[in-house]
Amino acid sequence: MSTVEERELAIHPIVVTSVQHNTQVVSNIRNLTASLFGVAAGTLGLESYPGFIFYLVGSFIVSALIFALRTDGKPGDYFHRPLGDMWGGDVFNGLSSFVLTWTLFYGLLRA
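Within an unreviewed UniProt entry, the label attached to the chain reads ER membrane protein complex subunit 6, and the organism entered is Karstenula rhodostoma CBS 690.94. One UniProt comment on the chain, placed under Subcellular location (unreviewed entry), says "Endoplasmic reticulum membrane".

Draft legend 1. Focus on empty space enclosed by the protein. What the rule picks out here adds up to 1 cavity of 30 Å³ or more. Approximately 40 Å³ is the volume attributed to the largest cavity. If you trace the largest cavity, you find it lined by Arg-30, Thr-33, Ala-34, Phe-37, Tyr-55, Ser-59, Val-62, Asp-90 and Val-91. Elements represented by at least two residues in the lining of the largest cavity include exactly α2 (16-44) and α3 (49-70).

Draft legend 2. Highlighting unusual backbone geometry. In this structure, Ser-48 takes a positive phi of about 55° despite not being glycine. With respect to the helices, strands and loops of the structure, Ser-48 is situated in the loop between α2 and α3. A relative accessible area of 44% places Ser-48 in the partly exposed class.

Conventions adopted
- Residues numbered from 1 in each chain as written.
- Predicted model: local features only at pLDDT ≥ 70, side-chain atom pairs only at ≥ 80, totals over all residues.
- Heavy atoms only, no water.
- UniProt positions renumbered as here; feature names shortened; annotations may be inferred.
- 1 Å grid on protein atoms, 1.4 Å probe; cavity = no way out; pocket = protein on both sides within 12 Å on 5 of 7 lines; lining within 4 Å.
- Points joined across faces, edges and corners; volume = space filled by probe spheres on them.
- Helix = DSSP H or I, 4+ residues; strand = E, 2+ residues; numbered from the N terminus.
- Buried < 20%, exposed > 50% of the residue type's maximum accessible area, 1.4 Å probe, protein only.

Right under this line is the structure:
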């Protein structure tokens, strides 16, 4: 680690509990919105690739909203690895919730 990075960490230390809390908040937001996107996709009657594209576009929009509203455009202040924790973090973890609610609502409305 260079002296510049050491000095920066000494001035602005990374508080592990705060980073864990921020990551948990983003995870909760992603899981909730994944289920809501599943309800929307099932209600709209989306099938196959359009349903998954709907989820990916929705996840990107949620990431952009988190970036703009929750981090004020400075994710490095809130996350240790902003790219992985905020943009890519739980996209695939929420996929199971999405598919579950997608198939449930599709089956309820189309059966």
